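Read off the chains here:
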Amino acid sequence: MPEAPKILSDSAKCIDGIVVENNNKVLKFIEDVTADADEVQRRVLSEILSRSANVEYLQRYGLNGCTDRETFKKVIPVVTYEDLKPDIERIANGDTSPILCSQPISEFLTSSGTSAGERKLMPTIEEELGRRSLLYSLLMPVMSQFLPGLDKGKGMYFLFVKSEAKTPGGLVARPVLTSYYKSSHFKNRPNDPYTNYTSPKETILCLDSYQSMYSQLLCGLFQNEDVVRVGAVFASGFIRAIQFLEKHWSLLCKDIQTGTIDSKITDPSVREAVMKILKPNPKLADFVEAECSKGSWKGIITRLWPETKYIDVIVTGTMSQYIPALDYYSNALPLVCTMYASSECYFGINLNPLCNPSEVSYTLIPNMAYFEFLPVTRKDELTGSISEPTALNDNEKQQLVDLVDVKLGQDYELVVTTYAGLYRYRVGDILRVSGFKNKAPQFNFICRKNVVLSIDSDKTDEVELQNAVKNAANQLLQYEASLVEYTGYADTSAIPGHYVLFWELSVKDSTLIAPSVFEDCCFTVEESLNSVYRQGRVCDKSIGPLEIRVVENGTFDMLMDFALSQGSSINQYKTPRCVKYAPIIELLNSRVISSYFSPKCPRWTAGHKQWCTQN
């Protein structure tokens, strides 16, 4: 198997020639591992199955220590989270026997996907941190092929940790990025010009979202001439940072002017870290004030950080809705999506990072996990719905193809087998084969299966939305009113974005229903949604209050007529629970009678309902 590039020593990183040498080693590694993709995949599966030969899960299905692909595919089922949930709950409750993995489960990574309104728990092992670090180490050598000089400046990245909890068995449960930022791989990383950020680690690790954002912006502004790239994980997070700057630039200018930190920043470690950077700079304060006080914020990124070469954010999938805002704030700087990863596994990287956002393609790195692909077909291009089997029989299991056997242009659901104990696990991501790097396929991310609404890291599926709407609509029955039909969309025209639901009602006398009743309906929907959504509303402030727009009678008949005029089949048509197509949204908005917003935030606590919160 091709050997992963070694991390350079602190002293070596300072020498330009050594940086170039390291870049070349990384690029050669990518070349080798993609050229030998099928053999690498065979070895990865064999290694995973050899290590885990005695685990309960594999013995349950009679693998009997076999490590070959043929036997593995014949006896091991293709599964979803619900299939694994009983085993995962045993581990969460303290069972330390080798249930899924031969190595000890070090923690759980909480997925933004949901299960019965709660985050999914993905088991992980200590060595996975090294595998994630490996993928991170590939990004900048690839990027430097297209934009030289990135090692000569700093990155202004807005990175945040989120709340974590402990399971009854004592294992930490937290988001994958929080796990990484709190690990020694990030906190004690060697000096590297490519991971030289304007934000001290103390500002990133601060749990208070206001203090973290304020201090990261302050440090980024103070070092504005050093910044050559900016970014966040998601496009929505970066835009929130710019919106935060719009609200608080006068306070930030005051701090730069005087070399002090606003009194609202009370975390002592944050204050100490920022004060090591901050010095009085009246000239810079005047410059920032002059730019921020202008009438327009068009191009504010290049105005305040003039050496910026690109924005590093995820703008694929649901994040594509933020591209116009990013273009406005940056004067259309390149938008770069560097990598593809999830709580289950880190998957691959973008080898053509300066491509148009609509053309982003990820090359799966074959030694990250064992990959299989379940073919899927579109039912309706207008609504974007996906058709695929939910439970697979023996014949359908054979439809899964290996990494090197996928077909150009075909859509697949990604299925992974990981070192941490997931076997033939359906990730839920729909990918389309866009090309090949040597023998390794490249994929466009199409969508998250079954997700109908998403603003930030939240993912609301159709069943969950249906249950939430039903809970809310029941409140109308006492007024002799009922819900005829509904749909929704994620409105990101303002920051934070918010869910919008269009309701068509059958009502005897609408004047009998007070506005407060509909506001209560909004709140009930929010209370019924998953913990990731509620955290975005309560803690992260990344999602705004949910809105219900009541539309005229007959609106959804008009919606069906429009869909049929665009080629949908009358026999297969059903009302889409999410609409993204602009003409449909315009039609619905033209029929709105009244609108209402949730009057308060829903309840939220870290972790699953039965767990104690870890402070």
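Since the model is a prediction, treat every value here as computed from it, not as a measurement. (Residues numbered from 1 in each chain as written. Predicted model: local features only at pLDDT ≥ 70, side-chain atom pairs only at ≥ 80, totals over all residues. Heavy atoms only, no water.)

### Examining the packing of helix α11 (residues 235-258) against helix α15 (residues 323-330)
Phase 1: It is the contact of α11 with α15, at a shortest axis distance of 10 Å, that shows an interaxial angle of 45 degrees. Relative to α15, the element α11 is oriented oblique. Judged by the twist between their axes, the crossing of α11 over α15 is left-handed. Of the residues in α15, those touching α11 at A235, F238, I239, I242, Q243 and E246 are A325, L326 and Y329.
Phase 2: The class makeup of the residues in the contact of α11 with α15 is seven nonpolar, one polar and one charged. (Axes fitted to C-alpha atoms, helices over the stretch in contact; angles between N-to-C directions. Helix = DSSP H or I, 4+ residues; strand = E, 2+ residues; numbered from the N terminus. Parallel < 35°, antiparallel > 145°, perpendicular 65-115°, else oblique. Left-handed = near helix turned anticlockwise from the far one by under 90°. Contact = heavy atoms within 4.5 Å. Nonpolar A, V, L, I, M, F, W, Y, C, P; charged D, E, K, R; others polar.)

### Points about the side chain of T524
Phase 1: With respect to the helices and strands, T524 occurs in helix α18 (residues 515-528).
Phase 2: Excluding its chain neighbours within four sequence positions, the residues that come into contact with T524 are N471, A472 and Q475.

### Examining the sheet that holds strand β22 (residues 498-507)
Phase 1: Ordered in space as β21-β22-β23-β24, the four strands form an open sheet in which the pairing is mixed. If you trace the sheet from one side to the other, it starts and ends with β21 (481-491) and β24 (592-597), each paired once. Averaged over all neighbouring strand pairs, the angle between strand axes comes to 25 degrees, with direction disregarded.
Phase 2: One ladder, built from 10 bridges, connects β21 with β22; its direction is antiparallel. Looking at β22, one finds that D491 is bridged to H498.
Phase 3: Where α18 meets the sheet, it contacts β22, β23 (547-551) and β24, and its direction lies at approximately 60 degrees from that of β24. (Pairing = 2+ DSSP bridges.)

### What to know about the packing of helix α10 (residues 209-222) against α11
Phase 1: It is at 9 Å that the axes of α10 and α11 come closest, and there the two elements cross at 65 degrees. As far as their axial angle goes, α11 and α10 are roughly perpendicular. Once α10 is placed against α11, the crossing between them reads as right-handed. Of the residues in α11, those in contact with Y210, M213, Y214, L217, L218, L221 and F222 of α10 are R240, A241, F244, L245, H248, L251, L252, D255 and I256.

### Quick notes on the packing of aromatic side chains
Phase 1: A complete count under the given rule lists 24 aromatic pairs for this structure.
Phase 2: Look at F72 and Y370: their rings are 6.1 Å apart centre to centre, the planes differ by 75 degrees, and that puts the pair in the edge-to-face class. Residue F72 is found in helix α4 (residues 69-75), and its partner Y370 is found in strand β12 (residues 370-375); the two are separated by 298 residues along the sequence. For the residue pair F72 and Y370, the accessibility class agrees, reading buried in each case.
Phase 3: When the ring of F373 is compared with that of F443, the centres are 5.1 Å apart and the planes differ by 15 degrees; the resulting orientation is stacked. With F373 in strand β12 and F443 in strand β18 (residues 440-448), the pair connects residues that are 70 residues apart, well separated along the chain.
Phase 4: Taking relative accessible area as the criterion, F373 reaches 0% and is therefore assigned buried.
Phase 5: Sitting over the face of the ring of F523, K600 holds its NZ or CZ atom 4.7 Å from the ring centroid. (Phe/Tyr/Trp six-rings, centres within 6.5 Å; stacked < 30°, edge-to-face > 60°. Buried < 20%, exposed > 50% of the residue type's maximum accessible area, 1.4 Å probe, protein only. Lys NZ or Arg CZ within 6 Å of the ring centre and 35° of its normal.)

### Here we look at the nonpolar core
Note that soluble globular proteins tend to have their nonpolar side chains buried in a common cluster.
Phase 1: Judged by nonpolar contacts, the single largest core of 150 residues is most densely connected at F238, I301, I349, F371, L414 and W503.
Phase 2: Top contributing element to this core by residue count: α11, with 11 residues.
Phase 3: Within the second largest apolar cluster, 17 residues are counted, among which are V19, L150, L159 and Y310. (Core = buried A, V, L, I, M, F, W, Y, C linked by side-chain atoms within 4.5 Å.)

### Observations regarding unusual backbone geometry
A negative phi holds for most residues other than glycine; trans holds for most peptide bonds.
Phase 1: Although it is not a glycine, N64 adopts a positive phi angle of roughly 55 degrees.
Phase 2: Among the structural elements, N64 can be located in the loop between α3 (56-60) and α4.
Phase 3: For N64, a relative accessible area of 68% corresponds to the exposed category.
Phase 4: At E480, a residue that is not glycine, the phi angle is positive and equals roughly 55 degrees.
Phase 5: Mapping E480 onto the fold places it in the loop between α17 (462-473) and β21.
Phase 6: In this structure E480 comes out as exposed when scored by relative accessible area, which is 52%.

### Section: the sheet that holds β12
Phase 1: Read across the open sheet, the eight strands follow the order β9-β10-β11-β18-β17-β16-β12-β15; overall the sheet is antiparallel. Each end of this open sheet is capped by a strand with a single partner; those strands are β9 (339-341) and β15 (401-402).
Phase 2: Its contacts with the sheet place helix α6 (residues 128-144) against β9 and β10 (346-349), and it is angled at close to 10 degrees to β10.

### Points about the environment of Y479
Phase 1: Within the secondary structure layout, Y479 lies in the loop between α17 and β21.
Phase 2: Overall, Y479 belongs to the partly exposed group, its relative accessible area being 24%.
Phase 3: If we ignore the near neighbours within four places in the chain, the residues touching Y479 are L512, I513 and V517.

### A closer look at the confidence of the model for the chain
Phase 1: Averaged over every residue, the pLDDT of the chain is 84; residues scoring 70 or more account for 89%.
Phase 2: Low confidence marks residues 7-14, where pLDDT is under 50. Its contacts with residues over four positions away, or in another chain, come to 13 contacts. (pLDDT = per-residue confidence, 0-100.)

### Considerations on the layout of surface pockets
Empty pockets left among the atoms are what a rolling probe the size of a water molecule brings to light.
Phase 1: Of the volumes computed, that of the second largest pocket is approximately 440 Å³.
Phase 2: As for the second largest pocket, its lining consists of 21 residues, of which R189, Y197, S199, P200 and K201 are closest to the centre.
Phase 3: Of all the secondary-structure elements, those providing two or more residues to the lining of the second largest pocket are α9 (201-204) and α12 (268-275).
Phase 4: Here the element with the most residues in the lining of the second largest pocket is α12; it accounts for three residues.
Phase 5: The class makeup of the residues in the lining of the second largest pocket is six nonpolar, seven polar and eight charged. (1 Å grid on protein atoms, 1.4 Å probe; cavity = no way out; pocket = protein on both sides within 12 Å on 5 of 7 lines; lining within 4 Å. Points joined across faces, edges and corners; volume = space filled by probe spheres on them.)

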